[in-house]
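A closer look at the structure
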Amino acid sequence: MKIDPELRYAISDLYAAYTACLDESRYDEWADFFTMNAWYRIVARENFDRDLPLSLMSLKGRGMMKDRVYGITSTIFHAPYYQRHIVSVPNLAIDEEGVILASTNYVVVRTKRDMAAEVYNVGRYIDEIVLDRDALKFRKKFCVYDNDLIPNSLIYPV
Amino acid sequence: MKIDPELRYAISDLYAAYTACLDESRYDEWADFFTMNAWYRIVARENFDRDLPLSLMSLKGRGMMKDRVYGITSTIFHAPYYQRHIVSVPNLAIDEEGVILASTNYVVVRTKRDMAAEVYNVGRYIDEIVLDRDALKFRKKFCVYDNDLIPNSLIYPV
Amino acid sequence: MKIDPELRYAISDLYAAYTACLDESRYDEWADFFTMNAWYRIVARENFDRDLPLSLMSLKGRGMMKDRVYGITSTIFHAPYYQRHIVSVPNLAIDEEGVILASTNYVVVRTKRDMAAEVYNVGRYIDEIVLDRDALKFRKKFCVYDNDLIPNSLIYPV
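Quick caveat: nothing in here was measured; it's all calculated off a predicted structure.

Cut-offs used in this document
Residues numbered from 1 in each chain as written. Chains lettered and ligands numbered in written order. Predicted model: local features only at pLDDT ≥ 70, side-chain atom pairs only at ≥ 80, totals over all residues. Heavy atoms only, no water. Helix = DSSP H or I, 4+ residues; strand = E, 2+ residues; numbered from the N terminus. Expected span 1.5 Å × (residues − 1). Buried < 20%, exposed > 50% of the residue type's maximum accessible area, 1.4 Å probe, protein only. Contact = heavy atoms within 4.5 Å. Least-squares fit on C-alpha atoms with pLDDT ≥ 70 in both. Buried area = accessible area lost by both parts, 1.4 Å probe. Salt bridge = Lys/Arg side-chain N within 4 Å of Asp/Glu carboxyl O. Polar contact = N/O pair within 3.5 Å; in protein donor to acceptor, adjacent residues only side chain to side chain. Disulfide = S-S within 2.5 Å. Phe/Tyr/Trp six-rings, centres within 6.5 Å; stacked < 30°, edge-to-face > 60°. Lys NZ or Arg CZ within 6 Å of the ring centre and 35° of its normal. Nonpolar A, V, L, I, M, F, W, Y, C, P; charged D, E, K, R; others polar. pLDDT = per-residue confidence, 0-100.

Attention now goes to helix α3 (residues 62–75) of chain C. Residue and element names in this part refer to chain C. Along its 14 residues, α3 runs 19 Å from first to last C-alpha, staying within 8% of the 20 Å computed at 1.5 Å per residue. Where α3 is concerned, the buried positions are Arg 62, Met 65, Val 69, Gly 71 and Ile 72. In this structure, the buried residues of α3 make contact with β1 (34–44), β2 (57–60), β6 (118–132) and β7 (135–145).

Structure follows, in structure tokens:
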């Protein structure tokens, strides 16, 4: 199947909106970028490459996602920080069922109050995107990060 | 209003040309990316979010921009450095008057002589773009940066 | 000459595939992104700007490229590391002979085992791209890097 210009733009817009949502700390809107039963996972490259199940975060369905956001914003004690996402050019394909297979490199720069910006998380989004009631949504989003050593703990989704 | 493919490319080309101008230190050409009365501002995220007027740099009109460039290149004593801009996927919209509202994350990596590259300034361009005599120009360009703590002073526009 | 949408996508896809090849350490496939007699060069910005011939790496033709890859993967003793490329918006033009002149900023984040990610190499790709048997290939690819001071030695192509 072919990816026409309209679809290219829609995918680009999806990533732009997704990263803006996180970078502007609008965590309440985050789950809406996913289908109802989507799988969101943050996993180290070494585990991903070996098909190991261990993940830094693994959320199945919007319910778990909203729960996680509730935890972040209401219960977990942590020093807040800003994220800033930069995404690179995407690899795009469509499988026989019309699912968009998108993967793109990302880097997240983190800024804490009164500290210099730092490269915080870097890796590759490996995503499945589908049309869900006229809007593109992630059905699967794997954030496969390169750096084992994440400065302090990761609190927010990336 | 709709953003057609041609316009998408023109916007992408504008950012590519704008960042190349700065990264190649062609500061004399910098003001030409703006309309005559454009507002260029570099402002901390915290101030921007609270609508506070304090800015690191605030230039209204090409005259002030050229004056600033004259200062940089002719009068301010500073250790020169290279910039390298990376911009992410844009959020695009057009308002009812045909003004393009574009916002995109950016990261500037700075390199000084005999030093390692460092993430220098990271944030979001929040821009208004208009057609000015057949060319796209910034009517407003706000560089809203995350990191309060900018390593040394910021000399060049970003 | 004009760059139509189809060509824009094809160029974007080329960069996406090229960077994925390196980031996934598929070095054996790397030479296939080039024409038979292509010139691949990694050169410091200062040398490039002054037209000095000194390069960190300069490979002419796929033979030399494959030889280099053989060296990397089979003979050079080095601590392996991951690369992660982020590329920015491209500057595109076509010359009178139909050669695509593409230049785009890039940053490579490097991750070594049990170490934090670091900005490793940052600069500008200055490329010539041609159609070679129905596929876009690099005829010339110069990686002009800003940072003189590369943390440890550069082993892999960027």
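We now examine the relation of the copies chain B and chain A. Overlay of chain B on chain A (RMSD 0.0 Å): rotation 120°, translation along the axis 0.0 Å. The operation mapping one copy onto its partner corresponds to a three-fold rotation axis. Closest to the rotation axis within chain B is the C-alpha of B:Ser88, separated from it by 3.9 Å. Of the residues that chain B buries at the interface, just 16% are likewise interface residues in chain A, meaning the two copies contact each other through different surfaces.

Taken together, the contact between chain C and chain B spans 24 residues of the former and 25 residues of the latter. Across the interface of chain C and chain B, roughly 2100 Å² is buried in total on both sides, 51% from carbon and sulfur atoms. Together, C:Arg8, C:Arg45 and C:Val89 form the three largest contributors to the area buried by chain C at its contact with chain B, with a combined 26%. Summed over the shared surface of chain C and chain B, the result is four salt bridges. A salt bridge links C:Glu46 to B:Arg113, with the shortest nitrogen-to-oxygen separation between them at 3.2 Å. Counting the contacts that link chain C with chain B gives ten residue pairs in polar contact (both at pLDDT 80 or more). Broken down by secondary-structure element, the contributors of at least two residues to the side of chain C that touches chain B are α1 (5–23), α2 (45–49), β5 (100–111) and β6 of chain C.

Here we take up the state of the cysteines. If you walk through the whole model with that rule in mind, you get zero disulfides over all chains. You can see B:Cys21 has no disulfide; the closest cysteine sulfur is in B:Cys143, sitting 13 Å from it.

Enumeration over the complete set of coordinates arrives at 39 salt bridges over all chains. The residue C:Arg110 makes a salt bridge to C:Glu118 at a minimum N-O spacing of 3.0 Å. Classification of C:Arg110 as buried rests on a relative accessible area of 2%. Its relative accessible area of 24% is what places C:Glu118 among the partly exposed residues. Through salt bridges with shared partners, one network takes in A:Glu24, A:Arg26, A:Glu29 and B:Arg124.

Looking at the secondary structure, you find C:Ala20 in helix α1. Measuring from C-alpha to C-alpha, the distance between C:Ala20 and C:Arg84 comes to 8.3 Å, with 64 residues separating the pair along the chain. The contacts of C:Ala20, once residues within four sequence positions are left out, are A:Asn91, A:Arg124 and C:Arg26.

Note on the identical chains: chain C maps onto chain B by a rotation of 120° and an axial translation of 0.0 Å, with an RMSD of 0.0 Å. Mapped onto chain B, only 12% of the interface residues of chain C again fall at the interface, so the copies present different surfaces.

On to unusual backbone geometry, then. Of all residues except glycine, most have a negative phi; of all peptide bonds, most are trans. Residues and elements named next belong to chain C. Positive phi, close to 50°, is recorded for Arg 133, a residue that is not glycine. Assignment of secondary structure puts Arg 133 in the loop between β6 and β7. Even without glycine at this site, Asp 134 takes up a positive phi of about 70°. Topologically, Asp 134 is positioned in the loop between β6 and β7.

What follows concerns the packing of aromatic side chains. Applying the stated criterion across every chain yields a total of 48 aromatic pairs over all chains. Seen from their ring centres, A:Tyr18 and A:Phe34 are 6.2 Å apart, and the 80° between their planes marks the pair as edge-to-face. Here A:Tyr18, found in helix α1 (residues 5–23), pairs with A:Phe34, found in strand β1 (residues 34–44); they are 16 residues apart in sequence, far enough to count as distant. A:Phe34 matches A:Tyr18 in its accessibility class, with the two residues each being buried. Judged by centre distance (6.2 Å) and plane angle (85°), the rings of B:Phe48 and B:Phe142 are edge-to-face. Linking B:Phe48 in helix α2 (residues 45–49) with B:Phe142 in strand β7 (residues 135–145), this pair joins segments that are 94 residues apart in sequence. A residue is classified by how much of its surface remains accessible, and B:Phe48, at 26% relative accessible area, is partly exposed. Ring pairing ties together the aromatic residues A:Tyr15, A:Tyr18, A:Trp30, A:Phe33, A:Phe34, A:Tyr40, A:Tyr106, A:Tyr125 and A:Phe138, which thus form one cluster. Note that A:Arg45 overlies the ring of C:Tyr82, its terminal NZ or CZ placed 3.6 Å from the centroid. Geometry around B:Phe142 places B:Arg41 over its ring, the cationic atom sitting 5.1 Å from the centre.

Along the polypeptide, A:Glu128 turns up in strand β6 (residues 118–132). Judged by relative accessible area, which is 16%, A:Glu128 ranks as buried.

On to the interface of chain B and chain A, then. Counting residues at the interface gives 25 residues for chain B and 25 residues for chain A. Roughly 2100 Å² is buried in total at the junction of chain B and chain A, and carbon and sulfur atoms are behind 51% of that figure. When the buried surface of chain B facing chain A is broken down by residue, B:Arg8, B:Arg45 and B:Val89 rank first, second and third, together holding 26% of it. For B:Arg124, the salt bridge goes to A:Glu24, with nearest N and O atoms at 3.7 Å. Ranked by residues supplied to the side of chain B that touches chain A, first place goes to strand β6 (residues 118–132) of chain B with four residues. Partitioned by chemical class, the residues of the side of chain B that touches chain A number eleven nonpolar, five polar and nine charged.

Another point: the confidence of the model for chain A. Counting all residues, the mean pLDDT for chain A is 93, and 97% of those residues have values of 70 or more. On the interface metric, ipTM, the complex scores 0.93, and its pTM is 0.95.

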